[in-house]
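Commentary on secondary and tertiary structure
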Amino acid sequence: MKTSSTGTRTFFTVWFGQLVSLIGSQLTGFALGVWVYDQTRSVSLIALTQVALAAPFVFFSPLAGVLADRWNRRTAMMVSDFGAGLAVVVAAVLYLSRLLQPWMAIPINFFIALFNCLMWPAFTASVTLLVPKEQYGRANGFVQLGEALPQIAGPAIAGVLYVAVKLGNMALIDFTTYIFSVLLMLFFVRIPNPPHTEEGHQAKGSVWKEMTFGWHYITARKGLLSLLLFFLAINFLAGIMNPLFTPLILDRWSADVLGYISTILGVGMLAGTLVMSVWGGGRRKVFTLLGAALASGLVLSIIVFANTIPFMAIGGFGFMFTIPILNASSQAIWQSKVAPDVQGRVFAVRRAIAWSSQIIAPLLAGPLADRVFKPGMTAGGWLAAIFGPFIGVGSNHGIGLLISLLGLLTALAALIAFFFPSIRNVEIDLPDHVANVEKAPNVSGEPAD
C-alpha cells in the first residue's frame, strides 16, 4: 500500500482534476437547464432531464461497481471522464449546428450520467486505499468541498457566459476540463489495487454474481440496510424538490439572478465542507448525519417565506451548509464498514438503491407544481385560502410552499430514524472491515507494499 503522505498527495491530485471537471460541468448543466426552461417554460421537462441524470445511477451502477473493482480505479476514472466529455461535445455540436431541440437534453444528460456513474464508486473506493481510516471523515469533507467550489464560481460565471457565449461554447469549455482531468490522472496518478479480503474472495465469479454481491452484502448487515433505506426516503423528497429550484427563481427573476443565488448556495456548501474537512464529524458520525438531515429539513421549510432575493439566499445558504456534513458522515461510516476490495460493488449498489427514487420523484414535481400548488395558490385557490394569509397569494408562491412542505417531511424522517436502533447503533453493532488478508497484484505500476 502507499505511504500515508504519498497516498494523501495522490488523493489531492485526483481531487483537483475532478474539481476542474466539475466546474466545467456546472457551466453545461446550468446553461442546458436554463435553455430548456427558456424554450419551453415546462417544469415537467426540467423534471425529465433530472430523471435522465439519475437513471444510469439506478440501472447501471451495479455494473459500474463491478468494473471499478475489476479494473484499476485510475483506469475506471479516466474512462468515466473521457466518455462524459464526448457526450458534452455532442451537445455543443448540436447547438452550434442549430439542431439542438429541448427534448435532446434528456439523452444528453443520460449519457453524461452513464459515464459519471463509473466515477463515483471508483473515486470513493480509492479514498480507502489512499488515506488512513482516521482521516476518512476529513477526506470525504474534501470530496464534498470539490462539489461545493464549482457551485460557487460555476453558476455566477455560467450566468454571465450564457448571455455572452451561449450554450454551445460553454459545452466546449466543459469538454476541455474533462480532458484536463484525464491527462492529469494519466501522467501524475498511480492508485494501488486493494488488498484481498475474505469478502472479496466470496464475491468473485461471473459479472452477474459480482453485480448482485453488493446487494447481498448490504442486506446481511441490518445497520447498513437501515441507513440506506433512510437515504432512500430523504432522496425521494429531494428528488421532488430538485427540479423546482430553477422555476422557483425564474418565475420571479432573470437568469443572472439564478446564477448569483446558485453561487450563494455554493458558498453555503463550501462553508459546510470546510467545517467537515477540519472537524471530520463527531465520534458517532451517525449522530452527525441525522442532525444534519434534521437541520437541512428545517432550513428548507422556510423557503415558503422567500419573497425577496436576500431571504432566498439566506435560506439556500443554510440548507446547502448541511449537505456536505450529512454526506461525508455517511460515506465515512460505509468506508469503515465495507471491505476495500468490494467497495466498488457495494457502493455502486448502495447508490443505485438510494437513487432509485430519482426515477419517480422528479416526475411528481411537474404535476404537483403545475396542477396543484401553483393554481392552488392563485386568488380563490384552495391552498390560498389556507396559506395565503401567512405567505401571500399568487401562483409564484406555490412552488415555495411545495418545497417547504418537503423540508418538513425531511426533518420528520430524521427524527424517526433516530429512534431506530439499527440506524442509531450502526457504528457500534457492525465491526470495521479487516484488510490485508493477502496482497493484491498491482497492475498500476505502483508499489503495493
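Residues numbered from 1 in each chain as written. Predicted model: local features only at pLDDT ≥ 70, side-chain atom pairs only at ≥ 80, totals over all residues. Heavy atoms only, no water.

With that settled, the discussion passes to the overall build of the protein. From N to C terminus, the protein includes 20 helices and zero strands. Long-range pairs, those at least 24 residues apart, make up 85% of the contacts in the protein between residues at least 6 apart in sequence. Summing over all exposed atoms, the protein offers an accessible surface of approximately 17,800 Å²; the carbon and sulfur share of this is 69%. (Helix = DSSP H or I, 4+ residues; strand = E, 2+ residues; numbered from the N terminus. Contact = heavy atoms within 4.5 Å. Areas by Shrake-Rupley, 256 points an atom, 1.4 Å probe, with all protein chains shown as cover.)

Where charged atoms of side chains with opposite charge meet at close range, the side chains can pair. With the rule as written, the count across this model stands at six salt bridges. In this structure, the salt-bridge partner of Asp69 is Arg73, at a minimum N-O distance of 2.5 Å. The buried category is assigned to Arg73, whose relative accessible area is 3%. Taken together, the salt bridges that share partners define one network made up of Asp69, Arg70, Arg73, Glu210 and Arg345. (Salt bridge = Lys/Arg side-chain N within 4 Å of Asp/Glu carboxyl O. Buried < 20%, exposed > 50% of the residue type's maximum accessible area, 1.4 Å probe, protein only.)

Another aspect to go through is the confidence of the model for the protein. Looking at the protein, the pLDDT average stands at 82 and 90% of residues meet or exceed 70. Per-element confidence in the protein ranges from a low mean pLDDT of 68 for helix α6 (residues 136-164) to a high of 94 for helix α19 (residues 421-424). Note that pLDDT drops below 50 for residues 435-449; the model gives that stretch 37 contacts with residues more than four away or on any other chain. (pLDDT = per-residue confidence, 0-100.)

The subject of this paragraph is the environment of Leu265. Within the secondary structure layout, Leu265 lies in helix α12 (residues 255-279). The spacing of Leu265 and Gly318 is 53 residues in sequence and 8.1 Å in space, taken between C-alpha atoms. Look past the residues within four positions of Leu265 in its chain and what remains in contact with it is Phe245, Gly316, Phe317 and Met320.

Looking now at the nonpolar core. Ranked by size, the top nonpolar core spans 57 residues in total, and within it Ile112, Leu244, Ile249, Leu401, Ile403 and Leu406 carry the most contacts. Looking at this core, the element that brings in the most residues is helix α1 (residues 4-40), giving eight residues. The residues contacting Leu401, other than those within four sequence positions of it, are Val304, Phe373, Met377, Leu383, Phe387 and Ile391. Within the second largest apolar cluster, 34 residues are counted, among which are Trp120, Val349, Ala354 and Ile423. (Core = buried A, V, L, I, M, F, W, Y, C linked by side-chain atoms within 4.5 Å.)

Note on placement: Gln343 falls in helix α15 (residues 343-354). Given the relative accessible area of 0%, Gln343 is considered buried. Of note is the side chain of Gln343, whose polar atom sits 2.6 Å from the side chain of Thr128. With residues up to four places along the chain from it excluded, the contact list for Gln343 reads Asp69, Arg73, Thr124, Ala125, Thr128, Gln335, Val338, Ala348 and His433. (Polar contact = N/O pair within 3.5 Å; in protein donor to acceptor, adjacent residues only side chain to side chain.)

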